[in-house]
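Each chain, written out:
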Amino acid sequence: MAKPFQGFLNMLRGNNHSPVVDLEKAYLSPDEHVRLKINLRQGHISYSVMYDDAVILRDSKLGFKIRGYPELGSYLAVVRATEKYVGETWETVWGEEHFISNNYNELALYLTETSKTKRLFTLRFRIFNDGVAFRYEIPPQPAFSRIEVEDELTEFNVDLNSEAWKIPAYQPDRYEYNYEKVPVYELEKSVHTPLTIALKNKYYISIHEAALYNYGEMTLKLDEWKALKSDITPLSDGIKARIELPFDTPWRMVMIAKSPIGLTKNHIMLNLNDPPTSDFSWVKPIKFLGIWWAMYVGEWTWASGPRHGATTQHAIEYIDACRRLNIGGLLLEGWNGGWDGDWLLNGKTTDFSRPMPDCDMPGIAEYARANGVEIIGHHETVGFVDNYESQLETSYKYYSDLGIHYIKPGYAGSMMTIQGNREYHHSQLGVLHYQKSLELAAKYHICLDVHEPIKGTGIERTFPNLLTREGARGQEYEGGALNPSHACILPFTRLLSGAMDYTPGIFDITNGTKRLSSTLARQLAYFVTIPSGMQMAADRPRFYEEVNPAAFKFIQDVPVNWETSVPIMGAIGEYYVVARKERNGNDWFVGGVTNENAHKVRVSLDYLDPNATYTAEIYRDSEIAHFRDNPLDISIETTDVTKDNFIDVWMAPGGGFAIRLHKNA
Ligand code: NOJ
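Residues numbered from 1 in each chain as written. Predicted model: local features only at pLDDT ≥ 70, side-chain atom pairs only at ≥ 80, totals over all residues. Heavy atoms only, no water.

Caption draft 1: Up close: the overall build of the protein. The secondary structure content of the protein amounts to 14 helices and 36 strands. Relative to its length of 665 residues, the protein is compact, with a C-alpha radius of gyration of 25 Å against a globular reference of 26 Å. Here the protein holds 665 residues, and the buried ones make up 63% of them. Contacts in the protein between residues at least 24 apart in sequence constitute 71% of all its contacts with a sequence separation of at least 6. With an accessible surface of roughly 24,000 Å², the protein has 49% of that area assigned to carbon and sulfur atoms. (Helix = DSSP H or I, 4+ residues; strand = E, 2+ residues; numbered from the N terminus. Rg over C-alpha atoms; globule rule 2.2 N^0.38 Å. Buried < 20%, exposed > 50% of the residue type's maximum accessible area, 1.4 Å probe, protein only. Contact = heavy atoms within 4.5 Å. Areas by Shrake-Rupley, 256 points an atom, 1.4 Å probe, with all protein chains shown as cover.)

Here it is, written out as structure tokens:
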């Protein structure tokens, strides 16, 4: 029989076997609206969540299946429970808010098995005013120190008739799918989180996880009892995670709001992550141009040849454009060895420190430095992690030695190759790889914009050099595979997991090869509605300088780092409006988007300084604009406003608007 781990027992101090958790009691959030109940019936532990009298989660199971052992989660007794309140405010390095308040009641339940295995673990719950989170903490114990998780049994038992906005898991394009609205009873196949759900009782929730390290990503699907259950992404041999104890799982979390817009100002995920352990004041959010969209529209190629994009000549022209347009950085894709022929296959042998012959990377870096422009170095790994990791240190050092402080790594392809096996991007081994590259980047003072990433779980609080990621269908899917409702769903789903590089700012909307489902005003709106620590102005410079410099002024003015954000209104898949104040400045910026239907909104300004007047620079669709046949028709006007005014704006079908509220001296 395994002996209980002595250190853990010592921690329990006091009377180990007294009744320590009141199963009748509801554990409350600081404002007493969110109510958590713990249920321990016949040794099985479960939990339920209410908001006042409304059921959020019905009784939901907890526990694990661990290889070679009986299920962990039954025959349990609570040995000790501790409670505490935490109220604090912390400062972000960058993001949608400068200061974030972290305010919760915590309940830690120390559990032991009453069966002969006598294993121990802790369940730590945090009850916030806008949600609940918990994680499992498993201490090392004799004969139970390395474990293989076969299944995590965590349930989120929501009303099956609720409606969810889902993207499928385990699919070749990872997170890059259009959202579909379905009843929860149809979630028979796994879906990714954040999973946003409109409950029948009118509450809105989003189920997600925070601080995902060294573990498979949590997806969700209905179990045989029709409860929504965690489905941890397996490794190629079927095991969900191999872990050494002690181990804390990622936090499982449920955000709760009374309206969709209420969900968009929820900071539980970041609060559940740890503060950084070193200085990240070197991290600088940035806007950038790219040698990129020209490839998508067929003008240039990633591969070598007469139309090769990432040449020294083109890079110099784009650096000059950055300087003229006052954009801080330039991305170069297709600059290094490995892009020719079948590049998806050649990813096996890509060389991350060998430029193509017509691309003088050191010379380009030198020219960029002389012009005060940052280079965003690109790494297309095609998911061949073994090849990439064999060059990780040398390739980061290569960039670092050239004075390059930003990298956009990409992991195209349906699976990763890790240790010779085909693994899911969101498996434990995928998570470990993304973490390794992020930590190495921090060592070289390099910021990342990860394409085909692991989803956001708030680790950018701990590693603020993770300035953004894609991880959803972005504008590269324009040209047929993006519809206008997508950008009206993202703020309530994907963006709850953090910043996104949507590659906004395409002005060549009517291009025959890549026709956008967007108006021009909407392209400006994205800079506010889709926040990102690295924000691309994704079109070619001539479209900014020659086609519409007046509209481009908004992209020049809009910041990439915010003091605070005020969600104004929204309905999932229909429209969304948000106001944000710039960090280290006085101006406010408002962005709004609509789906394929026109929408008229009245934008309140009550967040403005009451003692000031502002010049509103309004970029909106003209009365006859339409994403299908008149997308470029933009109206730009200025007017003086105070906090007591409203601005009425009409958004065309597939349109949007952007406003700069410039504080008058
Ligand atoms: C797919 C990415 O999504 C795209 O942005 C990139 O340009 C190509 N891979 C090549 O790296």
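Caption draft 2: Just the state of the cysteines, in detail. Taken as a whole, this structure holds zero disulfides when the rule is applied. Counting only cysteine sulfurs, C322 is the nearest neighbor of C359, a cysteine outside any disulfide, at a range of 15 Å. Note on C359: relative accessible area 3%, which makes it buried. As a non-bridged cysteine, C447 has C322 as the owner of its nearest cysteine sulfur, 17 Å distant. What makes C447 buried here is its relative accessible area of 2%. (Disulfide = S-S within 2.5 Å.)

Caption draft 3: The arrangement of helix 14 (residues 549-557) in detail. Listed in full, the buried residues belonging to helix 14 are A551, F552, F554 and I555. Along the axis of helix 14, the buried positions cluster into a sector of 140°, meaning they face one direction only. (Arc of directions from axis to C-beta.)

Caption draft 4: Geometry of the packing of helix 9 (residues 392-401) against helix 10 (residues 428-443). One way to put it is that helix 9 packs onto helix 10 with a least axis distance of 10 Å and a crossing angle of 35°. For the element pair helix 9 and helix 10, the recorded crossing hand is right-handed. For the pair formed by helix 9 and helix 10, the contact residues are L392, E393 and Y396 on the first element and K436, S437, L440, A441 and K443 on the second. Looking at the contact of helix 9 with helix 10, its residues break down into four nonpolar, one polar and three charged. (Axes fitted to C-alpha atoms, helices over the stretch in contact; angles between N-to-C directions. Left-handed = near helix turned anticlockwise from the far one by under 90°. Nonpolar A, V, L, I, M, F, W, Y, C, P; charged D, E, K, R; others polar.)

Caption draft 5: View of the domain arrangement of the protein. When the domains of the protein are assigned, the result is domain 1 (4-271) and domain 2 (286-548). Spacing between the C-alpha centres of domain 1 and domain 2 amounts to 34 Å. Between domain 1 and domain 2, the contact holds 48 residues from the first and 53 residues from the second. Across the domain 1/domain 2 interface, buried area totals approximately 4,000 Å², and carbon plus sulfur atoms make up 61% of it. Of all residues in domain 1, W94, Y175 and E176 give up the largest surface area on contact with domain 2, accounting jointly for 19% of the area buried on that side. Of the charged contacts, one joins E209 and K455 as a salt bridge, the two residues approaching to 2.9 Å between their closest N and O atoms. One can count 20 residue pairs in polar contact (both at pLDDT 80 or more) joining domain 1 with domain 2. Broken down by element, the residue count for the side of domain 1 that touches domain 2 peaks at four residues, all from strand 14 (residues 204-210). (Domains from an automatic or database assignment. Buried area = accessible area lost by both parts, 1.4 Å probe. Salt bridge = Lys/Arg side-chain N within 4 Å of Asp/Glu carboxyl O. Polar contact = N/O pair within 3.5 Å; in protein donor to acceptor, adjacent residues only side chain to side chain.)

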